[in-house]
Every structure is written in structure tokens, then in C-alpha cells.
Amino acid sequence: MVPAPSIFVGLAREKEQRRLAAQAALSQFSIADHYDVMVQLDRDVHDDEKLSTTEVDTALRLMSGVPRSVFLPCFGTGRHIQALLTAGVQRIVGVDLSPKCVEKARALCGGDHRVELHVGDLCTWTTTEQFDASILLGNSFGDIINSEIFPKVTQGMVRPLKPGGLFVFDYIGRGYLDRCRRASTTVWQAILDGRPVEDRRTPRYDPETWVMTIDVEAVAREHGADNVLWRGFYQKLILNDYWLDCHFTRAGISLRKAGVATKVNEAYYQGHVGELGMIARSTWWVAHKPPERQPRPWRLPRWLQWLRGPQGG
Ligand SMILES: C[S@@+](CC[C@H](N)C(=O)[O-])C[C@H]1O[C@@H](n2cnc3c(N)ncnc32)[C@H](O)[C@@H]1O
């Protein structure tokens with residue numbers, strides 16, 4: 001008879017294979033198109049200086065110091081750049097897919113010689129430069145839902161790290177699934193193309209593929225009726241802590257959980273009123289790229305040292 005644990009392991013493996021196959025068949029939502037619109041709809045977050053500054057303080061505290069150089073994957077509108085420079089970072093290189101986000105970030109940085117910003121895809125973008133740290137904030141992890149592309153993006157985030165370097169990121173994980181179950185719509189006031197709109201977002205979750213989809217509508221209230229000016233959606237691949245750890249272990253990186261945003265960044269959330277959606281419910285993580293092992297010099301075993309003959313001196 002097969003022992004019970006093997007059955008469970010076998011079933012879990014089979015389930016993972018089914019899930020990976022389902023994810024491999026998923027088509028990727030257009031990240032650049034979505035975030036090009038978010039430059040307008042997420043402006044309240046992008047322009048919240050206290051949020052960006054306290055997030056940078058939190059990242060530096062988790063790294064126990066100010067790194068000399070920082071890689072900024074998915075920097076968006078660049079809301080963390082100024083605070084990093086003020087803290088003493090001397091070199092920042094960023095990559096983001098959304099041309100509109102990068103345009104806003106470049107305008108903010110005003111050609112600072114310490115900052116280099118690229119429009120690019122982390123799946124394919126490479127550099128020979130190595131950085132002390134990589135920082136990914138604003139809940140950017142998990143935008144790639146296809147299981148074949150997802151590991152390539154993670155590699156793109158950590159490859160430019162020096163051996164021994166640190167990667168700090170926040171990730172929604174399962175922190176929004178209660179809202180998916182309730183299908184609760186959150187409403188923000190925003191401006192789209194100069195018109196005041198209600199930005200309405202409703203999350204849902206597919207347990208077969210582990211993909212969370214957030215349907216977004218920008219609605220203008222005109223003459224007492226709803227006029228939908230824009231409709232779209234974005235998605236997140238939802239890994240629990242165990243699978244997140246497996247994902248990083250496969251990439252050769254060790255992971256440590258720092259805590260939920262409201263706890264690690266108390267300076268911002270204590271006394272904060274207002275709805276911040278996923279950012280407030282994300283968990284912060286610190287990943288460590290192992291230092292390079294120095295090859296030990298090869299030596300003859302003691303009992304064979306007579307082979308070298310008599311030593312001079
Ligand atoms: C949720 S936004 C966060 C932006 C910024 N970090 C912040 O805190 O405001 C995610 C960003 O990741 C970028 N992004 C997602 N996938 C990417 C990829 N494969 N390569 C480069 N950028 C990507 C998007 O264009 C978007 O600007």
C-alpha cells in the first residue's frame with residue numbers, strides 16, 4: 001500500500017502541474033496600455049509625497065542602510081526617486097513598460113545625472129551594471145500572470161543585483177481575496193482627460209489559475225446618469241507565502257517576510273484615513289542574493305604531501 005503522505009504529495013504535484021498548464025495558456029493583459037491610463041487615475045497615490053517618502057524610509061530600514069546604487073524595476077511615475085536621492089543613494093537605474101509613466105518620471109527627475117530611466121520590459125531588458133539593491137514598490141509584483149513568463153520577470157528584477165545584494169518588494173499575495181469573495185467595489189474620485197470621474201474597481205479571483213482580476217470603470221456622473229468614459233482590467237498572479245518562497249528558491253534567492261504594509265510603515269498608516277486599496281494590504285518582503293562563494297585553493301591531502309618533494313627554506 002502507498003503511504004498516505006506520498007498520495008498527498010502526488011496529488012499536490014498533479015494539482016500544481018494542472019495549474020501551471022492553465023497559467024501557461026493565459027494571455028497577458030496589456031501592461032503598458034493599462035498603466036498609461038493609471039498615470040491619470042492613480043494620481044492620488046503617485047502624488048502622495050508622504051506615502052512615497054515613508055515607503056523609501058521603510059525599504060532602507062529593512063536593508064539596514066542606504067545602498068550606494070539602486071535598481072528600480074517597475075518605477076512607474078518615479079515617485080520614490082527623489083526620496084532615495086535625498087537619503088543619499090548615488091546612482092539609480094530604472095526600467096518600466098509604460099511610456100506615459102516614464103514620461104512623467106523623467107519630467108520629475110529633471111535630468112538629474114544620478115538617474116537613468118528606461119522604457120523596457122524586464123523579461124528582455126539587460127544590463128552589465130550591478131547594483132547594491134533592487135527596490136520594487138507600489139505592489140508591482142505579480143503583474144505577469146503567465147507561468148512561463150513570470151520567472152523571467154523575477155530574474156529581470158534580481159539579475160542586476162550584486163552578489164550579497166538585497167531586493168525589497170511589496171506584494172498583495174492573498175491580502176485581497178476577502179474582497180474578491182465579496183466582489184466589493186471600491187470607489188475613488190479621479191480626473192480622466194480633464195473630466196471628474198468615479199474610479200470604480202471590483203476584484204474577482206479564479207481559484208483554478210490563481211489569477212485575480214480587477215475590473216476598472218471610470219464613470220462620469222452627468223445629468224444624473226452614469227457615463228462610462230473608460231473600461232479596463234488588470235490582473236495579479238496570487239501566490240501564497242509557501243509558493244512565493246518556492247518561486248524565489250528556484251531563482252536562487254532567499255526570502256524573509258517583513259510584515260504587512262500598515263505595520264512596517266506605521267509612520268504613514270498610523271492615523272491615516274482614506275482607502276489605499278492593495279498598497280495598504282500588501283506584505284513587504286526582503287530577498288537576499290547569496291554572496292559569491294570564493295573557490296577554495298586546491299591542496300594535496302596531508303598524507304600525500306610527500307609527493308611534492310622536500311620544501312625549500
Ligand atoms: C502598480 S505600478 C507601480 C509603479 C510604481 N512602482 C509605484 O509605486 O507607483 C506597476 C508598474 O510596473 C510596470 N511593469 C509591470 N510589468 C513590467 C515589466 N515586465 N517590465 C517593466 N515594467 C513593468 C508597469 O508599467 C507599472 O508602471
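So, how was this worked out
Residues numbered from 1 in each chain as written. Predicted model: local features only at pLDDT ≥ 70, side-chain atom pairs only at ≥ 80, totals over all residues. Pairing = 2+ DSSP bridges. Helix = DSSP H or I, 4+ residues; strand = E, 2+ residues; numbered from the N terminus. Axes fitted to C-alpha atoms, helices over the stretch in contact; angles between N-to-C directions. Contact = placed C-beta atoms within 7 Å. Parallel < 35°, antiparallel > 145°, perpendicular 65-115°, else oblique. Nonpolar A, V, L, I, M, F, W, Y, C, P; charged D, E, K, R; others polar. Buried ≥ 20, exposed ≤ 12 C-beta atoms within 10 Å, placed from the backbone. Arc of directions from axis to C-beta. Domains from an automatic or database assignment. Near = placed C-beta within 6 Å.

**Student:** Quick rundown of the sheet that holds strand β8 (residues 211-222)? Include the residues and the values.
**Tutor:** On the basis of which strands lie adjacent, the open sheet formed by four strands has the order β6-β7-β8-β9 and antiparallel pairing. Edge strands, defined here as strands with exactly one partner in the open sheet, are β6 (186-192) and β9 (225-237). Across this sheet, the average inter-strand angle for adjacent strands is 25°, counted without regard to direction. Alignment of β6 against strand β7 (residues 195-206), held across seven bridges, turns out to be antiparallel. Bridged to Ile191 within β7 is Pro196. Lying over the sheet, helix α2 (residues 31-41) contacts β6, β7, β8 and β9, oriented at roughly 90° with respect to β6.

**Student:** So what's going on with the packing of α2 against helix α6 (residues 99-109)? Which residues, and what values?
**Tutor:** Two quantities define a packed helix pair, namely the angle between the axes and the distance from one axis to the other. Across the interface, α2 lies against α6 with an axial gap of 7 Å and an inter-helix angle of 45°. Considering their axes alone, α2 and α6 lie oblique with respect to each other. For the pair α2 and α6, contact is made by Ala32, Tyr35, Asp36 and Val39 and by Pro99, Lys100, Cys101 and Lys104, respectively. Residues belonging to the contact of α2 with α6 are distributed by class as follows: five nonpolar, no polar and three charged.

**Student:** Can you tell me about α6, naming the residues and giving the values?
**Tutor:** Turn by turn, an α-helix covers 3.6 residues, leaving residues three or four places apart pointing in a common direction. Among the residues making up α6, those that are buried are Cys101, Val102 and Ala105. Buried residues of α6, seen end-on, are gathered within an arc of 95° and therefore sit on one face of the element. Residues of α6 that are exposed and point over 90 degrees away from its buried face: Pro99 and Ala107. Residues of α6 that are buried sit in contact with α2, α5 (81-87), β2 (91-96) and β3 (115-119).

**Student:** Which residues make up the sheet that holds strand β1 (residues 69-73), and what are the values?
**Tutor:** Pairing in this open sheet of seven strands is mixed, and the strands run β3-β2-β1-β4-β5-β11-β10 from one edge to the other. This sheet does not close on itself; its edge strands, each paired only once, are β3 and β10 (254-260). This sheet shows a mean twist of 15° between the axes of neighbouring strands, independent of strand direction. Summarising the sheet, strand β5 (residues 161-171) and strand β11 (residues 283-288) pair through six bridges and their orientation is antiparallel. Across the sheet, the residue bridging to Val168 is Val286, located in β11. Along the sheet face, helix α4 (residues 49-62) touches β4 (131-136), β5, β10 and β11 and points at about 40° away from the line of β11. Here α6 sits on the sheet in contact with β2 and β3, set at roughly 165° to β3.

**Student:** Before we move on, could you go through unusual backbone geometry and cite the residues and values that matter?
**Tutor:** Here the phi dihedral of Asp193 falls at roughly 50°; this positive angle occurs in a residue that is not glycine. With respect to the helices and strands, Asp193 occurs in the loop between β6 and β7. Of note, the phi angle at His223 is positive, near 50°, even though the residue is not glycine. Within the secondary structure, His223 is located in the loop between β8 and β9. A tally of 5 C-beta atoms within 10 Å means that His223 is categorised as exposed.

**Student:** Account for the domain arrangement of the chain, with residues named and values stated.
**Tutor:** When the domains of the chain are assigned, the result is domain 1 (7-173 + 238-288) and domain 2 (178-231). Taken over C-alpha atoms, the centre of domain 1 sits 23 Å from the centre of domain 2. With 14 residues of domain 1 at the interface, the matching set in domain 2 holds 14 residues. For the side of domain 1 that touches domain 2, the secondary structure elements donating two or more residues are α1 (4-24), α2 and α3 (43-46). Among the residues forming the side of domain 1 that touches domain 2, the class breakdown is seven nonpolar, three polar and four charged.

**Student:** Mind laying out the site of the ligand, listing which residues take part and the relevant values?
**Tutor:** Neighbouring the ligand are 22 residues, the closest being Cys74, Gly76, Ser98, Leu122 and Gly138. Looking at the shell around the ligand, the elements with two or more residues in it are α2 and β2. Taken together, the residues that form the shell around the ligand break down as eleven nonpolar, seven polar and four charged.

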